[in-house]
Amino acid sequence: MKEWTVRPNVKLRLVDPDDAASLYEQIEKTRPQLAKFMPWGDSTKSVEDERVFLEYCEGRIAEQKLWNASIIIDGKAVGMIDLHNIDSDNEKAEVGYWLGGEYQGNGVMTDCLSKLLEIGFEELNLHKIKLLAEQVNEASNAVAKKVGFVLEGKLKDEIYSNGAFHDANLYAIVNY
């Protein structure tokens, strides 16, 4: 499996269905927070659900429509980060991410997103990467700004999560 070092104890590794149990453990521990901002937060109900999702990701990666990695801390999968809606013709993609609650608040996601931008621009030859964050998700908005994303607009009722539609900030970063 291909992997990239973010910090000595933090790596990004292309998705592997064998990470399903570890990722599901973090989903269970962080479910109330994830369900607040992620449409899938309530629907991933088992290790098997997560394994099926990871297998789906492998297929999308093979089609070059997705780049998806597990965030590995001290050898354990504890979150994910991805480039989705990859549009090779227009050299753009969108980013998404989540991290288990016990690993939040110490810059891990900021560092992982910085590494993802490097991969997207240098290895995948993207020109523009977009990021959507619910306006009320202060942590996600802060991460976007810390790595240099620029607010391009505010989108009304853009994200459906936690049983309702929410406004989102649209950020982007361009590789010049």
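Before reading on, note that the structure itself is shown above.
Below or above, wherever it landed, is the structure these notes cover.

Calculation notes
Residues numbered from 1 in each chain as written. Predicted model: local features only at pLDDT ≥ 70, side-chain atom pairs only at ≥ 80, totals over all residues. Heavy atoms only, no water. Patch = residues over 30% accessible without salt bridge, like charges linked within 9 Å, V, L, I, M, F, W, Y side chains within 5 Å. Areas by Shrake-Rupley, 256 points an atom, 1.4 Å probe, with all protein chains shown as cover. Salt bridge = Lys/Arg side-chain N within 4 Å of Asp/Glu carboxyl O. Lys, Arg positive; Asp, Glu negative; His and termini not counted. Charge placed at Lys NZ, Arg CZ, Asp CG, Glu CD. Helix = DSSP H or I, 4+ residues; strand = E, 2+ residues; numbered from the N terminus. Buried < 20%, exposed > 50% of the residue type's maximum accessible area, 1.4 Å probe, protein only.

1. A short note on a negative patch on the surface
Alright, step 1. Residues Glu48, Asp49, Glu55 and Glu58 make up a contiguous surface patch of negative charge.
Alright, step 2. You can see glutamate 58 is positioned in helix α2 (residues 47-62).
Alright, step 3. Residue glutamate 58 is classed as partly exposed on the basis of its relative accessible area of 32%.

2. Some points on the pattern of salt bridges
Alright, step 1. All chains considered together, the criterion is met by 11 salt bridges.
Alright, step 2. Note that glutamate 123 is salt-bridged to lysine 2, the shortest N-O span being 3.6 Å. With glutamate 123 in helix α3 (residues 108-123) and lysine 2 in the segment before β1 (3-7), this residue pair connects regions lying 121 residues apart in the sequence.
Alright, step 3. Close ionic contact of aspartate 19 with arginine 13 constitutes a salt bridge, the shortest N to O distance being 2.6 Å. Here aspartate 19 matches arginine 13 in class, with each residue buried.
Alright, step 4. Three or more residues are tied together by salt bridges with common partners; here these are Glu25, Lys29, Lys76 and Glu102.

These values are about where atoms sit, not about what they do.
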